[in-house]
Amino acid sequence: MTDSSSLTGDDLASFALTLITSRQNILPRRLAAPGPNEDQVNDMFRAAASAPDHGVVMPWRFVLVPQARREVLADAFGRALSERDASATPEQIAQAREKAFRAPFLALAIARLGPCEPDIDPLERMVSVGAAIQNFLLSAHSMGFGSSLTSGQAMHSAALRQLFALTEGEQAVCCINVGTVSKRKPARLRPDVAEFVSSL
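Residues numbered from 1 in each chain as written. Predicted model: local features only at pLDDT ≥ 70, side-chain atom pairs only at ≥ 80, totals over all residues. Heavy atoms only, no water.

Caption draft 1: Up close: the overall build of the protein. Scanning the protein from N- to C-terminus turns up six helices and five strands. Starting at the N terminus, the α and β elements of the protein follow one another as α-β-α-β-α-α-β-α-β-α-β. Here the C-alpha radius of gyration of the protein, 18 Å, is about what a compact globule of 200 residues would show, namely 16 Å. If you line up the protein on its principal axes, its C-alpha atoms span 55 × 45 × 40 Å. The buried share among the 200 residues of the protein stands at 36%. Carbon and sulfur atoms provide 56% of the accessible area of the protein, an area that totals close to 11900 Å². Charged side chains of the protein number 20 positive and 21 negative; the gap between the two group centres comes to 9 Å. (Helix = DSSP H or I, 4+ residues; strand = E, 2+ residues; numbered from the N terminus. Rg over C-alpha atoms; globule rule 2.2 N^0.38 Å. Buried < 20%, exposed > 50% of the residue type's maximum accessible area, 1.4 Å probe, protein only. Areas by Shrake-Rupley, 256 points an atom, 1.4 Å probe, with all protein chains shown as cover. Lys, Arg positive; Asp, Glu negative; His and termini not counted. Charge placed at Lys NZ, Arg CZ, Asp CG, Glu CD.)

Dropping the structure here:
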């Protein structure tokens with residue numbers, strides 16, 4: 001890992017661009033042990049806390065899911081599938097449960113979109129949540145770890161809301177998965193800037 005504190009000017013800009021553009025989404029099943037240690041995880045969350053936060057309302061929170069609690073998360077994933085599909089087979093429920101056991105590090109990202117003071121628009125707060133998550137992912141990448149986000153319909157389930165004690169106005173956004181990359185896929189083609197940038 002490059003020590004960014006020794007970089008200045010163009011070197012720092014080049015380092016940042018390389019870090020950002022080289023990050024890949026790695027499927028949780030391709031994330032193996034070892035995962036980040038406690039100090040590394042703390043640094044990742046420090047990076048998350050550096051996200052833009054208009055009004056300083058901290059519109060995010062994160063809940064760690066240690067290995068000892070993966071079974072209860074698996075139960076919630078299984079119940080979430082049963083909630084929305086009463087005809088789900090035992091095999092399908094087992095597949096839903098298995099998602100809780102893949103990456104060595106797992107946390108749930110939660111958006112806090114209820115009333116706040118000052119009254120910051122929920123859409124603006126979601127931008128802040130996304131920036132916090134991206135900062136976390138980039139920090140993990142800078143340490144040599146792979147990472148990914150996983151979501152799906154379970155994020156809206158009663159089972160998940162109950163397990164994570166979500167209050168009114170809170171919404172589960174995604175699971176953050178981090179670990180050592182066991183298999184890397186080819187780099188994804190990024191869109192050309194001209195495809196999504198225009199001038200007024």
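Caption draft 2: Structural view of the side chain of Asn177. The topology assignment puts Asn177 in strand 5 (residues 170–181). Discounting chain neighbours no more than four positions away, the residues touching Asn177 are Pro28, Leu31, Ala103, Phe105, Leu106, Gly146, Ser147, Ser148, Leu149 and Thr150. (Contact = heavy atoms within 4.5 Å.)

Caption draft 3: Seen up close, the nonpolar core. Grouped together as the largest cluster of nonpolar side chains are 21 residues, with contacts concentrated most on Phe62, Ile133, Phe136, Ile176 and Val178. For this core, the secondary-structure elements that each account for two or more residues are helix 2 (38–48), strand 2 (60–64), strand 3 (105–112), helix 5 (122–142) and strand 5. Here the element with the most residues in this core is helix 5; it accounts for seven residues. What Ile133 contacts, discounting residues up to four positions off in sequence, is Phe62, Ala109, Leu149, Val173, Cys174 and Ile176. Leu73, Ala80, Ala159 and Leu160 belong to the second largest nonpolar core, which has 18 residues in total. (Core = buried A, V, L, I, M, F, W, Y, C linked by side-chain atoms within 4.5 Å.)

Caption draft 4: View of the layout of surface pockets. A volume near 300 Å³ is recorded for the second largest pocket. What lines the second largest pocket is a set of 19 residues, and nearest its centre among them are Phe77, Ala96, Lys99, Ser151 and Ala154. Among the secondary structure elements, those contributing two or more residues to the lining of the second largest pocket are helix 3 (70–84), helix 4 (90–98) and strand 5. Considering each element in turn, the lining of the second largest pocket owes the most residues, four residues, to helix 3. (1 Å grid on protein atoms, 1.4 Å probe; cavity = no way out; pocket = protein on both sides within 12 Å on 5 of 7 lines; lining within 4 Å. Points joined across faces, edges and corners; volume = space filled by probe spheres on them.)

Caption draft 5: Local environment of the packing of helix 2 against helix 5. Orientation of helix 2 relative to helix 5, taken along the N-to-C sense of each, is 140°, at an axis distance of 7 Å. As the angle between them shows, helix 2 and helix 5 are arranged oblique. Considering only the axes of helix 2 and helix 5, their crossing is right-handed. In contact with Val41, Asp43, Met44, Phe45, Ala47 and Ala48 of helix 2, helix 5 contributes Ala132, Asn135, Phe136, Ser139 and Ala140. Taken together, the residues of the contact of helix 2 with helix 5 break down into eight nonpolar, two polar and one charged. (Axes fitted to C-alpha atoms, helices over the stretch in contact; angles between N-to-C directions. Parallel < 35°, antiparallel > 145°, perpendicular 65-115°, else oblique. Left-handed = near helix turned anticlockwise from the far one by under 90°. Nonpolar A, V, L, I, M, F, W, Y, C, P; charged D, E, K, R; others polar.)

Caption draft 6: Representation of the packing of aromatic side chains within the structure. Within the structure shown, the criterion is met by three aromatic pairs. Residues Phe45 and Phe136 carry aromatic rings whose centres are separated by 4.9 Å and whose planes lie at 55° to one another, so their mutual orientation is tilted. Of this pair, Phe45 sits in helix 2 while Phe136 sits in helix 5, and the two are 91 residues apart along the sequence. Here a set of aromatic residues connected by ring pairs shows up, and it is made of Phe45, Phe62, Phe105 and Phe136. (Phe/Tyr/Trp six-rings, centres within 6.5 Å; stacked < 30°, edge-to-face > 60°.)

Caption draft 7: Quick peek at empty space enclosed by the protein. This structure, assessed with the given rule, holds one cavity of 30 Å³ or more. Surrounding the largest cavity, Arg23, Gln24, Ile26, His141, Phe145, Gly146, Ser147 and Arg184 form its lining. Classifying every residue of the lining of the largest cavity gives two nonpolar, four polar and two charged.

Caption draft 8: Broad picture of the pattern of salt bridges. Applying the stated criterion across every chain yields a total of five salt bridges. Across the salt bridge formed by Arg97 and Glu71, the nearest N and O atoms sit 2.3 Å from each other. Here the residue Arg97 occupies a position in helix 4, and Glu71 occupies one in helix 3, the gap between them amounting to 26 residues. Taking relative accessible area as the criterion, Arg97 reaches 22% and is therefore assigned partly exposed. Across the salt bridge formed by Glu98 and Arg102, the nearest N and O atoms sit 2.7 Å from each other. A single salt-bridge network, built from bridges that share partners, covers Glu71, Asp75 and Arg97. (Salt bridge = Lys/Arg side-chain N within 4 Å of Asp/Glu carboxyl O.)

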